[in-house]
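Residue-level structure breakdown
Residues per chain are reported as follows:
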Amino acid sequence: MENKYSAQNIQILKGLEAVRKRPGMYIGSTGPAGLHHLVYEVVDNSIDEAMAGFCNTITVVLEKDDIVRVEDNGRGIPVDIHPTEHISALELVLTKLHAGGKFDKGSYKVSGGLHGVGVSCVNALSQWMEAVISRDGHVYSQRYEIGIPKTPVMQIGDTDRHGTVIRWKADSNIFAETTFYDYEILKKRLCELAFLNSGISIIFRDERGEEPYEETLRYEGGIRQYVKQINSHSNSKFFYPEEPIYITGEKNDVITELAFQYNDSYSENINTYVNDINTREGGTHLEGFKSALTFVLNKALDSREKLKKKLEKEEKLTGDDVRAGIVAVLSMKVPEPEFEGQTKEKLGNTEVRTIVDALVKDELSLFFDKNPEVLDKILEKAINEATARIAARKAKDALRKKSFSDSFGLPEKLSDCSLKNPELCEVYIVEGDSAGGSAKKGRDSKTQAILPLWGKMLNVEKVRPEKVMNNDKLEPVIATLGAGFGQDFDINKLRYHKIIIMADADVDGSHIRTLLLTFFFRYMPELIERGYVYLAMPPLFKVQLGKGKPVYVYTEEEREQALAALGENRNKASVQRYKGLGEMDGNQLWETTMDPARRKMKVVTIPDAEAADRIFTICMGEEVEPRRKFIEDNAIYAKLDV
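Below, the structure is looked at part by part. (Residues numbered from 1 in each chain as written. Predicted model: local features only at pLDDT ≥ 70, side-chain atom pairs only at ≥ 80, totals over all residues. Heavy atoms only, no water.)

Digging into the packing of aromatic side chains
Which entries qualify depends on this criterion: Pairs were defined over the aromatic rings of Phe, Tyr and Trp, the Trp ring being its six-membered one, requiring ring centres within 6.5 Å. Orientation was assigned from the angle between planes: stacked under 30 degrees, edge-to-face over 60, tilted for the rest. Runs of H or I in DSSP of at least four residues are treated as helices and runs of E of at least two as strands, each being numbered from the N terminus. Throughout this description, buried means an accessible area under 20% of the type-specific maximum (1.4 Å probe, protein chains only), exposed means over 50%, and partly exposed covers the range between.
Throughout the structure, instances matching the rule amount to 13 aromatic pairs. Judged by centre distance (4.7 Å) and plane angle (0°), the ring pair of F195 and Y226 falls under stacked. Taken as a pair, F195 in helix α6 (residues 183-196) and Y226 in helix α7 (residues 222-232) lie far apart in primary sequence, 31 residues in all. For the residue pair F195 and Y226, the accessibility class agrees, reading buried in each case. Considering the side-chain rings of F238 and Y240, the 5.9 Å spacing of their centres and the 20° angle between planes classify their relative orientation as stacked. Connected via pairs of aromatic rings, a cluster forms that spans F238, Y240, F260, Y262 and F289.

What to know about the pairing of strand β17 (residues 498-502)
Looking along a regular strand, one sees the side chains alternate between the two faces of the sheet. The condition is simple: We treat two strands as partners when DSSP finds at least two bridges between them.
The element β17 is extensively covered by neighbouring structure, given that five of its five residues are classed as buried. In this sheet, β17 lies alongside strand β15 (residues 426-431) in parallel orientation, the contact comprising five bridges. Following the sheet pairing, I429 is matched in β17 by I501. When β17 meets strand β18 (residues 533-536), the two strands line up parallel, connected through three bridges. Note on β18: the bridge partner recorded for I500 is Y534.

Concerning the environment of G548
Summarising the element assignment, G548 is placed in the loop between β19 (541-544) and β20 (551-553). For the pair G548 and A573, spaced 25 residues apart in sequence, the C-alpha to C-alpha distance is 9.8 Å.

A short note on the sheet that holds strand β11 (residues 254-263)
Rule in force here: We call two residues contacting when some pair of their heavy atoms lies within 4.5 Å. Whenever a helix is involved, its axis is fitted only over the stretch in contact; in every case the axis is a line through C-alpha atoms, and angles between N-to-C directions fall within 0 to 180 degrees.
The five strands lie next to each other as β10-β11-β14-β12-β13, forming an open sheet whose pairing is mixed. Each of the sheet's edge strands pairs with one partner strand only, and the pair in question is β10 (239-251) and β13 (277-278). Where strand β12 (residues 269-274) lies against strand β14 (residues 326-333), six bridges are found, and the strand directions are parallel. What sits directly across from Y273, in β14, is S331. Across the face of the sheet, helix α11 (residues 350-370) comes into contact with β10, β11 and β14 while running at roughly 135° to β10.

Regarding the side chain of T179
The criterion, for reference: Polar contacts here mean pairs of N or O atoms no more than 3.5 Å apart (in protein, one a potential hydrogen donor and the other a potential acceptor; neighbouring residues in sequence count only if both atoms are side-chain atoms).
Inspection of the secondary structure puts T179 in the loop between β7 (163-170) and α6. Reaching out from T179, the side chain makes a polar contact with the side chain of D66 at a distance of 2.8 Å. The residues touching T179, leaving out its near neighbours within four places in the chain, are L35, D66, A170 and S172.

What about the sheet that holds strand β21 (residues 574-577)?
Ordered by their spatial adjacency, three strands build an open sheet running β20-β19-β21, and the pairing between neighbours is antiparallel. Edge positions in the sheet fall to β20 and β21, since each has one partner strand and no second. Direction aside, neighbouring strands of the sheet carry axes that sit 20° apart on average. The pairing of β19 with β20 spans three bridges and is antiparallel. Bridge pairing in β20 links K542 to Y552. Across the sheet, helix α18 (residues 556-564) touches β19, β20 and β21, and the angle it forms with β19 is around 0°.

What follows is the structure, given as structure tokens:
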């Protein structure tokens with residue numbers, strides 16, 4: 001077969017064709033995340049106008065039929081003819097990649113959308129788009145279909161207002177999965193923008209229901225209010241200082257804004273932004289803040305002999321010590337940010353580290369000089385963390401020594417599998433010795449290990465790491481998995497790639513499942529991120545007619561369906577309700593719950609780690625019901641045949 005490859009095989013994608021050909025390169029995906037990204041791109045243009053000082057109100061409207069409208073009262077996109085391209089600037093911005101005012105320092109000092117692909121990409125991926133511009137006393141409009149202008153830029157009226165309206169309908173040929181916008185997902189980002197740009201009003205309106213619903217997002221307190229809101233969702237009982245510490249400054253056109261506050265938890269929650277872009281992977285601005293905070297607190301500790309004596313000799317406060325319980329928002333305005341990678345999630349500008357470090361050292365030292373009681377509280381918390389860290393280190397050393405001496409550290413109650421390839425092996429963590437005995441009899445000993453647990457599990461949300469390590473209920477789990485925990489966790493040492501929690505289908509079982517999930521989430525989060533954690537689904541009922549083949553069902557509804565299928569013999573059937581796993585013998589447990597060819601399981605996922613973290617914190621109180629709901633909401637049914 002002739003395979004010609006010549007110049008005629010080389011394609012040139014003109015205009016916005018490249019965006020429609022490879023949309024994922026520009027907006028990440030064509031699923032729900034990419035769909036919502038369209039809104040962010042258009043709103044970001046309005047935010048850029050706001051950051052430049054020309055806009056104070058942005059309106060985002062979800063209309064019927066999956067249409068979105070974004071309005072602002074900024075200057076309005078220019079409509080005059082471009083000097084070199086010889087078309088209207090409006091048409092240029094909406095139809096050409098890398099065209100926009102963001103490259104001109106005179107137009108925008110700082111901007112989130114530096115690549116000039118934002119609104120033109122939205123246009124390319126829309127069934128149609130309309131732009132209405134109010135400026136210089138007139139109103140102009142233009143319409144596009146799949147990125148192609150269908151009308152010229154027309155003057156349609158006069159006005160004394162100014163601003164831009166962009167209205168569009170996403171192309172269902174591109175977004176085949178869905179074109180429906182989730183109100184809460186969009187609201188989360190719009191709230192974020194309102195916090196980061198204090199004084200700006202973002203009106204969010206949903207017109208899709210019978211009655212329109214509207215919220216105005218405006219936060220005069222800015223990032224200080226943002227910190228307080230994050231803390232309000234925590235399970236903490238006290239916060240200090242009462243009002244978040246606030247630092248701001250400008251150097252070399254780089255503006256730094258920082259707010260932070262401590263709570264009584266052990267974890268840190270630092271949110272960083274550059275030009276309103278969430279830098280989830282941190283970068284030089286975060287490094288500057290962390291180093292300055294550690295330096296200032298260690299220097300302050302040196303001058304407080306009483307507090308210093310509480311630390312072991314030669315010990316210093318580490319970054320983890322001083323950031324335990326911190327909630328912070330760091331927002332930067334950088335004229336020419338350098339982001340690492342396509343995702344813009346890590347700042348690379350080296351000069352920013354120096355700017356943030358110097359500013360925080362100076363301003364924080366000054367704040368602590370004026371507020372010594374706040375400094376003492378923060379130092380006492382950091383010293384407690386350091387003491388716990390040292391104790392945990394000693395406990396780990398003891399555990400390592402113990403692991404050397406007793407059967408490679410594997411728990412006595414573990415019935416291990418014979419294969420050693422983690423990809424083929426799975427471990428059932430089983431509630432109680434009785435169920436553990438049945439599971440051992442029913443398992444495939446080549447690939448299935450059984451670890452029975454007994455007694456009440458530890459709620460790790462309420463204790464320090466060293467207590468977790470020394471807990472007689474969790475130590476066997478840590479040793480069985482073989483990958484360590486916390487900062488020492490190493491996924492490459494994991495002994496099983498399926499960790500299956502098998503507990504009774506009652507409130508106590510639900511409690512145990514959730515406590516184990518909390519432990520994995522706090523100390524081994526990568527297990528959940530990689531989809532290694534499962535929930536076994538033992539049946540609730542066995543329906544059997546005479547000596548016929550039993551039918552195992554998992555809900556009361558399925559029980560009714562099984563009985564209905566027997567017709568006239570319905571009343572002759574026996575129905576057994578399983579109150580616990582221990583009521584099944586090995587064969588039944590294998591047949592219903594452990595046979596890879598027939599079993600049902602749920603794989604536990606964390607679709608939104610930030611939201612899951614908040615849910616865990618809220619739900620780890622005394623009530624069982626909220627914890628059970630987390631399992632239901634965050635476990636996806638998966639029928640496995642491997």
